[in-house]
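Commentary on secondary and tertiary structure
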Amino acid sequence: MERTKTVRKAVIPVAGNGTRFLPATKAMPKEMLTVVDRPVVQYAVDEAREAGIEHIVFVTSRNKQAIEDHFDDTPELITSLTRSGKDAQVSELERLLPKAGSVSFTRQQAPLGLGHAVWCARDLIGDEPFALLLPDMISYGARGCLAGLMDLYGHVGGNVVGVEQCAPEEASQYGIVATGAAVPHGFAITGMVEKPKAGEAPSNFYLNGRYILQPEIFGLLARQQRGAGNEIQLTDSMLALSDSQPFHAHPYDGRTFDCGSKHGFIEANVAFALKRADIGAAVYQSLRALVLSHEGATRAA
Ligand code: UTP
């Protein structure tokens, strides 16, 4: 295996049911819920492009048509916006439109778990390393997490994951890595555990939904038995792959919002709105007033 072969492709799995957001996700993909004015999945696509990814493979499912449409051209809309002189919106839509042929879609026929979703992309990825971005995890920082993973990958090759630190009492909610020797842009991983029992986590570095994986993962996923939650778990196959290939972690210097949870989704909307030049100041004033009145009401109660 050539350990630092260029990473050209990314997989974005969008086939889950999004049950934590029902009823919003009854007829709409959760990946199309908006953070300020763009769908959650757009953030992952922008991050992948920023990191130099040339081709994105979406793993979709029934009722996810809106995602394909979102990444397609809209000539009638562009014509109508141009006629109305809305040039800024036209340029933004044109900027976001992927180059023809640079996105592919494949279907996961049943939501059997993240590991199974990744396995569904095997033929479109082929025999090369690839990035994986979980779209409900949104990077918030000077640059996206995947660009940092690419820096680390350039030094060490092999398999690379994004990590962040959580409070020790939260470790049992996440995939946690055991830390080894430091390298430029990260450290070696000496172990991985999915949702460790309280007090048994080897560190407080959790997997934040960004990965660069070697194609040998597909053979392991093909044989992977169902694990936690009766789903085919990616972490279980990564653990098996770590017996024969190196894994390193890149600690993200920004932060990631988990838009798969209601709390994380609302936090992300607030954080991204506050840093917007057009609405940040107004949002700040409204939020401040809301928080103060909420505190007043709580004190009075
Ligand atoms: P999640 O577990 O957060 O998504 O998976 P979910 O299952 O849709 O959410 P809930 O728990 O029911 O609310 C993270 C990402 O992996 C995708 C999801 O679409 C999401 O983007 N995924 C998950 C798949 O593509 N297939 C699966 O079988 C599971």
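Basis of the calculations
- Residues numbered from 1 in each chain as written.
- Predicted model: local features only at pLDDT ≥ 70, side-chain atom pairs only at ≥ 80, totals over all residues.
- Heavy atoms only, no water.
- Helix = DSSP H or I, 4+ residues; strand = E, 2+ residues; numbered from the N terminus.
- Rg over C-alpha atoms; globule rule 2.2 N^0.38 Å.
- Buried < 20%, exposed > 50% of the residue type's maximum accessible area, 1.4 Å probe, protein only.
- Near = heavy atom within 4 Å.
- Polar contact = N/O pair within 3.5 Å; in protein donor to acceptor, adjacent residues only side chain to side chain.
- Nonpolar A, V, L, I, M, F, W, Y, C, P; charged D, E, K, R; others polar.
- Contact = heavy atoms within 4.5 Å.
- Phe/Tyr/Trp six-rings, centres within 6.5 Å; stacked < 30°, edge-to-face > 60°.
- Lys NZ or Arg CZ within 6 Å of the ring centre and 35° of its normal.

**A look at the overall build of the chain**
Counting its secondary structure elements, the chain contains 11 helices and 13 strands. Relative to the compact-globule value of 19 Å for 301 residues, the chain shows a C-alpha radius of gyration of 20 Å, a close match. Judged by the C-alpha coordinates and their principal axes, the chain covers about 55 × 55 × 40 Å. Within the chain, the fraction of its 301 residues that count as buried is 47%.

**Some thoughts on the site of the ligand**
Contacts to the ligand come from 18 residues, most closely from G16, G18, T19, Q108 and G113. For the ligand, an oxygen atom lies 2.8 Å from a polar atom in the side chain of E31. Across the shell around the ligand, the residue classes tally to 8 nonpolar, 6 polar and 4 charged.

**Remarks on the side chain of H250**
Structurally, the position occupied by H250 is in strand β12 (residues 247-251). Only 2.8 Å separates the side chain of H250 from the backbone oxygen of H185, close enough to count as a polar contact. Ignoring sequence-local partners within four residues, the contact set of H250 consists of C145, G148, L149, L152, V161, G162, V163, H185 and G186.

**Notes on the packing of aromatic side chains**
What the rule picks out here adds up to 10 aromatic pairs. Taking 5.4 Å as the distance between ring centres and 70 degrees as the angle between the ring planes, the aromatic pair formed by Y140 and F257 counts as edge-to-face. Taken together, the residues Y140 in strand β7 (residues 137-140) and F257 in strand β13 (residues 255-258) connect sequence positions 117 residues apart. With a centroid separation of 5.0 Å and an interplanar angle of 80 degrees, the aromatic rings of Y140 and F272 are classed as edge-to-face. Of the two residues, Y140 is situated in strand β7 and F272 in helix α10 (residues 262-274); the sequence distance between them amounts to 132 residues. Overall, the relative accessible area of 23% leaves Y140 in the partly exposed class. An aromatic cluster of three or more residues is present, and its members are Y43, Y140, F257 and F272. A cation over an aromatic ring shows up here: R122 above the ring of W119, its NZ or CZ 3.7 Å from the ring centre.

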